[in-house]
Amino acid sequence: MSQLTNDDSATAAAVTDDPEFNAADADVCIISSDNVRFKVHSTNLGTHSSVFPAVHGAANDVADPARMAECAEVLRVIFKFIYPDPPLPKLGLLSFSTLEEVAMAADKYQFLALSELCDCHMEKHANTHPAEVLSL
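Note that the coordinates shown come from a computational prediction; the quantities given were computed from them, not determined experimentally. (Residues numbered from 1 in each chain as written. Predicted model: local features only at pLDDT ≥ 70, side-chain atom pairs only at ≥ 80, totals over all residues. Heavy atoms only, no water.)

S.K.: Could you give me a rundown of helix H4 (residues 112-123), with the residues and numbers involved?
M.R.: Its 12 residues place the ends of H4 17 Å apart at the C-alpha level, agreeing with the 16 Å of an ideal helix rising 1.5 Å per residue. Turning to H4, its buried residues are Leu114, Ser115, Cys118, His121 and Met122. Here the buried residues of H4 occupy an arc of 125° about the axis, which is enough to place them on one side. Away from its buried face, by an angle of more than 90 degrees, H4 presents the exposed residues Leu112, Glu116 and Glu123. (Helix = DSSP H or I, 4+ residues; strand = E, 2+ residues; numbered from the N terminus. Expected span 1.5 Å × (residues − 1). Buried < 20%, exposed > 50% of the residue type's maximum accessible area, 1.4 Å probe, protein only. Arc of directions from axis to C-beta.)

Take a look at the structure:
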């Protein structure tokens, strides 16, 4: 099963553009589970993840968006991590549930550096969420 899916079916909710990740020269369009559109660069995705190089040059472009299972908040953290412009996301300020979702997405899409950072921050929650921390 593909981790990125192209979905031509109409959705009930309107898609809105993310104000930060809406590059005019983007070559990849990703829509979150809560219908937020991110226009990003395949170069940035491919530099940080071995999952995304296949997207570069493929049918997935801004005219053919890929739908992802993650919500906009989680994708925004990932995209902030893969672009060189500061500031980097402050993982320590995320709620445990958001940090857990970012960690799972980082593992799923093989953002290895972000995954390692998430693991370090997850360890801080070992006393309050031991089962969740140990399962990652």
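Next comes the rest of the description.
S.K.: Hey, could you go over the confidence of the model for the protein for me, with residue numbers and the actual values?
M.R.: Looking at the protein as a whole, its pLDDT mean stands at 83, while 82% of the residues score no less than 70. In the model, residues 1-11 has pLDDT below 50 throughout and makes 20 contacts with residues more than four positions away in sequence or in other chains. (pLDDT = per-residue confidence, 0-100. Contact = heavy atoms within 4.5 Å.)

S.K.: Describe in detail unusual backbone geometry, supporting the description with residues and values.
M.R.: One non-glycine residue, Asn35, lies in positive phi territory at about 65°. Topologically, Asn35 is positioned in the loop between strand S3 (28-31) and strand S4 (36-40). Residues other than glycine seldom take positive phi values, yet Gln110 does so here, at roughly 60°. Structurally, Gln110 can be placed in the loop between helix H3 (96-108) and H4. Using a relative accessible area of 35% as the deciding quantity, one classes Gln110 as partly exposed.

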